Each structure stands twice: as C-alpha cells, then as structure tokens.
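A structural walkthrough
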Amino acid sequence: MSGPDTDLGTRSDTSRAVAFSDAIFAIIITLLVLDLRVPDVPPGRLLSGLLGQWPSYVAYLASYSYVAVVWLNHKAAFNRIQQIDRGLHWMNLLVLFTTALLPFPTIVVSHALQEHDNADQRVAIAFYALIGALLCATWLAFYHYLARHPDLLKEQVKDGFFHVERFRALAGVVLYVLAGVVGYLVAPLVGLAIFLLPPVFYAVTSAGLYQLRVTRRITHRPPPPG
C-alpha cells in the first residue's frame, strides 16, 4: 500500500546534486593546472624550457576544454530536470567519477610526450582515449536513464530530447576510440589532435543535438506519401 510519502527519500529537487557537481568540476579544473610547472633549467634557458613544455599546454587545453563542456552539458541537462531519484543520482555520480579521472591521463600524456619515447607516447594516448571514451559512455547511460524516465523532466521538455542526446554521447565514444587507435597504431600526435575534436563538438551542441536545425528537420520529417 502506497501513501503520499512514497517518494520521500527517493526523489528530491536537483539543487543539492547541482551544487555538489559544480564543486567537483571546480576541483577537477584546479587539479589540471598542477601539472604546469616552472621548468628546471639553468639560467638563461627559461624560454627554451617553457617552449619545451608544449605537450603540457596541449594536454591541459584538451582536458580543460573537455571539463568545461562537460560542465556546460551538465548544466543544460539539469535545466531540463524537475526531480532527481536514486537511479539518476547514481548516473550523475558515474559522470563525476569519470570526469574526475581526467587529470591523471592528462599528466601521463604530458610526461610521455616530453620524454620522447614513442612506445610510451602510444600507450599514453591510448590510455587518455580510454578515459575519454569511458566518460562519454557514462553520459550515454545518463541520457538513456532520462530517456527512460520522462517523469523526472520538466513539462516543457520536448518528447524525445534525451533519446536524441544519446547520439551525442555515442559520437564522443567513437571519436575517442578513433583517437586511441590512430594514436597507438599510426602517430601519437595525430591522436592528440583528435582529442581536441570532442570538446568542440560538445561545445557547439551544448544546448542539445535536438536543437540543431538539421536534427529538427530529420526528427520532424513528414512521412512519405503512401
């Protein structure tokens, strides 16, 4: 027998989840910058030492951009959520868990590229790609959960919004797998360049793939005449 307090303890508003998530994102971005250090060089070689650390700058840019668009997409998603239940809490924690891993592969890639060992560089790029793909996979689970639980969403959210969002997450998985394969089998620097593509894609589509004109045309295309 269910009563009016059936959902107490299992559902709540999103304020605490959003505040907690924002704090985690702030910590992650702070940790990323810790790999940027003053180079240990003799007097008069500071410029060459700073220039020699270019892999650290590229790795920082890739990871900072990624965390930034994760935050933007997280904000866009929660703007459409009315209530959060236990399952969605876990989906959100999974997204935060994989995002919090990013500083580690960022340091690994930076170190490997500065050591100029090709074998280590290939492994480092593949490792970063694995974490990036895992993060996109958690977003896929997050969007899938929302697509299956429309009762958690605000009334004005269009039907099918989060069904379409799953394709955005899947695109990220594909891009990071591609970067890992290319970086490991072909050239690490090419894989590193591909790492810059997902943040651009997710920044452009941060309001949702459903909002794009091309997507709207596809999803609202009238049926062919019988």
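Since the model is a prediction, treat every value here as computed from it, not as a measurement.

1. Topic: the packing of helix 6 (residues 118-148) against helix 7 (residues 161-185)
Where helix 6 meets helix 7, the axes come as close as 8 Å, and the angle between the chain directions of the two elements is 170°. As summarised for this structure, helix 6 and helix 7 are arranged roughly antiparallel, according to the angle between their axes. By residue class, the composition of the contact of helix 6 with helix 7 is 21 nonpolar, 6 polar and 4 charged.

2. What about the side chain of R122?
Here R122 shows up in helix 6. Here R122 is buried and forms no salt bridge, its nearest opposite-charge partner D117 lying at an N-O distance of 8.4 Å. In contact with R122, other than residues within four places in its own chain, are G183, Y184, L185, V186, A187 and P188.

3. Things to note about the nonpolar core
Counting residues in hydrophobic clusters, the biggest one holds 48 residues, and the most contacted among them are Y66, L88, W139, F142, F162 and F195. Elements with a contribution of two residues or more to this core: helix 1 (15-32), helix 3 (54-78), helix 4 (86-100), helix 5 (103-115), helix 6, helix 7 and helix 8 (188-194). In terms of residue count, helix 6 provides more of this core than any other element does, 14 residues in total. The contacts of F195, once residues within four sequence positions are left out, are I125, Y128, A129, Y176 and A179.

4. Overview of the layout of surface pockets
The computed volume of the largest pocket comes to approximately 150 Å³. Lining the largest pocket are 13 residues, with P150, L153, K158, D159 and G160 positioned closest to its centre. Those elements giving two or more residues to the lining of the largest pocket turn out to be helix 6 and helix 7. Among the elements that line the lining of the largest pocket, the one with the most residues is helix 7, at 3 residues. For the lining of the largest pocket, the per-class residue count stands at 7 nonpolar, 2 polar and 4 charged.

5. A closer look at the pattern of salt bridges
Scanning the model with the defined rule gives 2 salt bridges in all. Of the charged contacts, one joins R11 and D151 as a salt bridge, the two residues approaching to 2.2 Å between their closest N and O atoms. Of this pair, R11 sits in strand 1 (residues 11-12) while D151 sits in the loop between helix 6 and helix 7, and the two are 140 residues apart along the sequence. Residue classification places D151 among the partly exposed residues on the basis of a relative accessible area of 44%. With a closest N to O distance of 2.8 Å, E165 and R168 form a salt bridge. Of this pair, E165 and R168 both sit in helix 7, 3 residues apart, which is roughly one turn of the helix.

6. What to know about the packing of helix 1 against helix 3
Where helix 1 meets helix 3, the closest approach of the two axes is 10 Å, and the angle between their N-to-C directions is 175°. When the axes of helix 1 and helix 3 are compared, the pair comes out roughly antiparallel. On the side of helix 1, the interface is formed by A17, V18, S21, D22, F25, I28, I29 and L32, while helix 3 contributes Y60, S63, Y64, V67, V70, W71, H74 and F78. Split by residue class, the contact of helix 1 with helix 3 holds 12 nonpolar, 3 polar and 1 charged.

7. Quick look at the confidence of the model for the chain
Averaged over every residue, the pLDDT of the chain is 85; residues scoring 70 or more account for 88%. Segment residues 1-5 is flagged for pLDDT under 50; beyond a separation of four residues in sequence, or across chains, it makes 0 contacts in the model.

8. A few points about a nonpolar patch on the surface
Residues I27, L31, V33, L34, L36, V38, V41, L46, L50, W54, Y57 and L189 make up a contiguous nonpolar surface patch of about 1,000 Å² in total accessible area. Of note, L36 is situated in the loop between helix 1 and helix 2 (46-52). The exposure class of L36 is partly exposed, given its relative accessible area of 32%.

So, how was this worked out
For every chain, the first residue of the written sequence is number 1, and numbering continues from 1 along that sequence. Per-residue local features of the predicted model are confined to residues with pLDDT of at least 70, and side-chain atom pairs are confined, for both listing and counting, to 80 or more; whole-chain, interface and lining totals are unaffected and use all residues. Derived side-chain values reflect all non-hydrogen atoms in the structure, with water molecules and hydrogen atoms excluded from consideration. Think of each axis as a best-fit line through the C-alpha atoms, taken over the contacting stretch in the case of a helix, with angles from 0 to 180 degrees between the N-to-C directions. Secondary structure elements are taken from DSSP: a helix is a run of H or I of four residues or more, a strand is a run of E of two residues or more, and numbering for both begins at the N terminus. Roughly parallel covers angles under 35 degrees, roughly antiparallel covers those over 145, roughly perpendicular covers 65 to 115, and oblique covers all other angles. Throughout, the ten residues Ala, Val, Leu, Ile, Met, Phe, Trp, Tyr, Cys and Pro are labelled nonpolar, Asp, Glu, Lys and Arg are labelled charged, and all others, Gly among them, are labelled polar. Burial classes: relative accessible area under 20% of the type maximum marks a residue as buried, over 50% as exposed, and values in between as partly exposed (1.4 Å probe, protein chains only). Residues scored as positive are Lys and Arg, those scored as negative are Asp and Glu, and His as well as the terminal groups of each chain are ignored. Within this document, salt bridges are pairs made up of a side-chain nitrogen of Lys or Arg and a carboxyl oxygen of Asp or Glu, the two lying within 4 Å of each other. Contacts between residues were defined by any pair of non-hydrogen atoms, one from each residue, lying within 4.5 Å. Among buried residues, those of type Ala, Val, Leu, Ile, Met, Phe, Trp, Tyr and Cys that are joined through side-chain atoms within 4.5 Å constitute a nonpolar core. Any residue with an atom within 4 Å of a point lines the site, the site being either a cavity, points on a 1 Å grid over the protein atoms alone where a 1.4 Å probe fits but cannot get out, or a pocket, an open set with protein on both sides within 12 Å along at least 5 of 7 lines. Grid points are joined across faces, edges and corners, and a volume is the space filled by probe spheres set on the points. The quantity known as pLDDT measures the predictor's confidence residue by residue, on a range of 0 to 100. Patch membership needs two things, relative accessible area over 30% and no salt bridge, and members are linked within 9 Å if like-charged or within 5 Å if nonpolar (Val, Leu, Ile, Met, Phe, Trp, Tyr). Per-residue and other accessible areas were derived by the Shrake-Rupley procedure at a 1.4 Å probe size, with only the shown protein chains allowed to occlude residues.

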